[in-house]
Amino acid sequence: MLNHTGKSGRRCSRSGGWIVLGSMLVSSGCANLSARLPRMASVQAARELVQQGQQAEASGETEKAWELYERAMRTCPSDMLARQHLAEEMWRRGQRHRALSLL
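Because the structure is a prediction, the values reported are computed rather than measured.

1. Describing the overall build of the chain
Each helix and strand in the chain was counted, giving 4 helices and 2 strands. The burial tally for the chain puts 23% of its 103 residues in the buried class. Partitioning the contacts of the chain with sequence separation of at least 6, the portion at a separation of at least 24 is 33%. Counting only carbon and sulfur atoms, one obtains 58% of the accessible surface of the chain, whose full area is about 7,400 Å².

What follows is the structure, given as structure tokens:
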């Protein structure tokens, strides 16, 4: 273990400080990660629905695409990709005010 003598002449352990700092970072990081996991799962689910909607739209199934975009939006209302695709579909259908409210 490395020791360092400070100005006051007392010896302090450098590795002890790093251990405390490391454990603080790890514990706070884990707490933040566990809080984000549910949101990350809902974003992933919404993105999958958006992909399915894009596939439906590409094959001319606009009603199915609309339903999938709405489900994506309900799954994760804060996901901008889901909001964007639903807004674009609303815009094409003439629902301009509703489309703008999503963006």
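2. Comments concerning the packing of helix α2 (residues 62-75) against helix α3 (residues 80-92)
Helix-helix packing is described using two parameters, namely the angle between the two axes and the distance between the axes. Contact geometry for α2 and α3: axes closest at 9 Å, N-to-C directions at 140°. Relative to α3, α2 is oriented so that their crossing is left-handed. Across from Thr62, Trp66, Tyr69, Glu70, Ala72 and Met73 in α2, the residues of α3 making contact are Ala82, Arg83, His85, Leu86, Glu89 and Met90. Residues of the contact of α2 with α3, tallied by class, amount to 7 nonpolar, 2 polar and 3 charged.

3. What to know about the nonpolar core
Among the nonpolar cores identified, the biggest contains 18 residues, and Val50, Tyr69, Ala72, Leu86, Met90 and Leu102 are the most heavily contacted of them. Setting aside its immediate chain neighbours within four residues, Leu102 contacts Met73, Arg83, Leu86, Ala87 and Met90.

4. Some thoughts on α3
Across its 13 residues, α3 extends 18 Å between first and last C-alpha, which sits within 8% of the 18 Å expected from 1.5 Å per residue. Burial in α3 covers these residues: Ala82, Arg83, His85, Leu86, Ala87, Glu89 and Met90. Remark: Gly94 follows α3 within two positions and exhibits a positive phi of approximately 85°.

5. Quick word on the confidence of the model for the chain
The predicted model of the chain averages 80 in pLDDT, with 63% of residues at 70 or higher. Least confident of the elements in the chain is strand β1 (residues 3-5), whose mean pLDDT is 49; most confident is α2, at 96.

6. Description of the pattern of salt bridges
According to the stated counting rule, one finds 5 salt bridges in the structure shown. Across the pair Glu57 and Arg92 runs a salt bridge whose closest N-O atoms are separated by 2.6 Å. With Glu57 in helix α1 (residues 14-58) and Arg92 in helix α3, the pair connects residues that are 35 residues apart, well separated along the chain. With its nearest N and O atoms 3.1 Å apart, the salt bridge here joins Arg93 to Glu63. Here Arg93, found in the loop between α3 and α4 (96-102), pairs with Glu63, found in helix α2; they are 30 residues apart in sequence, far enough to count as distant. The class of Glu63 is partly exposed, set by a relative accessible area of 46%.

Cut-offs applied
Position labels on residues start from 1 in each chain and follow its written sequence. pLDDT decides what is reported in this predicted model: residues at 70 or higher carry local features, side-chain atom pairs at 80 or more are listed and counted, and totals for whole chains, interfaces and linings draw on all residues regardless. Water and hydrogen atoms were dropped before computing side-chain values, which therefore reflect all heavy atoms in the structure. Helix and strand assignments come from DSSP, with helices taken as H or I runs of at least 4 residues and strands as E runs of at least 2, each series counted from the N terminus. The buried label goes to any residue with under 20% of its type's maximum accessible area, the exposed label to any with over 50%, and the partly exposed label to all in between, with areas taken from a 1.4 Å probe on protein chains only. Two residues form a contact once any of their heavy atoms are found within 4.5 Å. Accessibility throughout is a Shrake-Rupley quantity obtained with a 1.4 Å probe, and a residue counts as covered only by protein chains that appear here. Between N-to-C directions, angles span 0 to 180 degrees; the directions come from axes that are lines fitted to C-alpha atoms, helices contributing only their stretch in contact. Handedness of each helix crossing follows the sense of rotation of the near helix against the far helix: counterclockwise by less than a right angle gives left-handed, clockwise gives right-handed. Put simply, Ala, Val, Leu, Ile, Met, Phe, Trp, Tyr, Cys and Pro go in the nonpolar bin, Asp, Glu, Lys and Arg in the charged bin, and everything else, Gly too, in the polar bin. We call a set of buried residues a nonpolar core when its members are Ala, Val, Leu, Ile, Met, Phe, Trp, Tyr or Cys and they connect through side-chain atoms within 4.5 Å of each other. A helix is expected to reach a length of 1.5 Å times the quantity of its residues less one. Values of pLDDT, the confidence the predictor places in each residue, fall between 0 and 100. We define a salt bridge as a contact between a side-chain nitrogen of Lys or Arg and a carboxyl oxygen of Asp or Glu at a distance within 4 Å.

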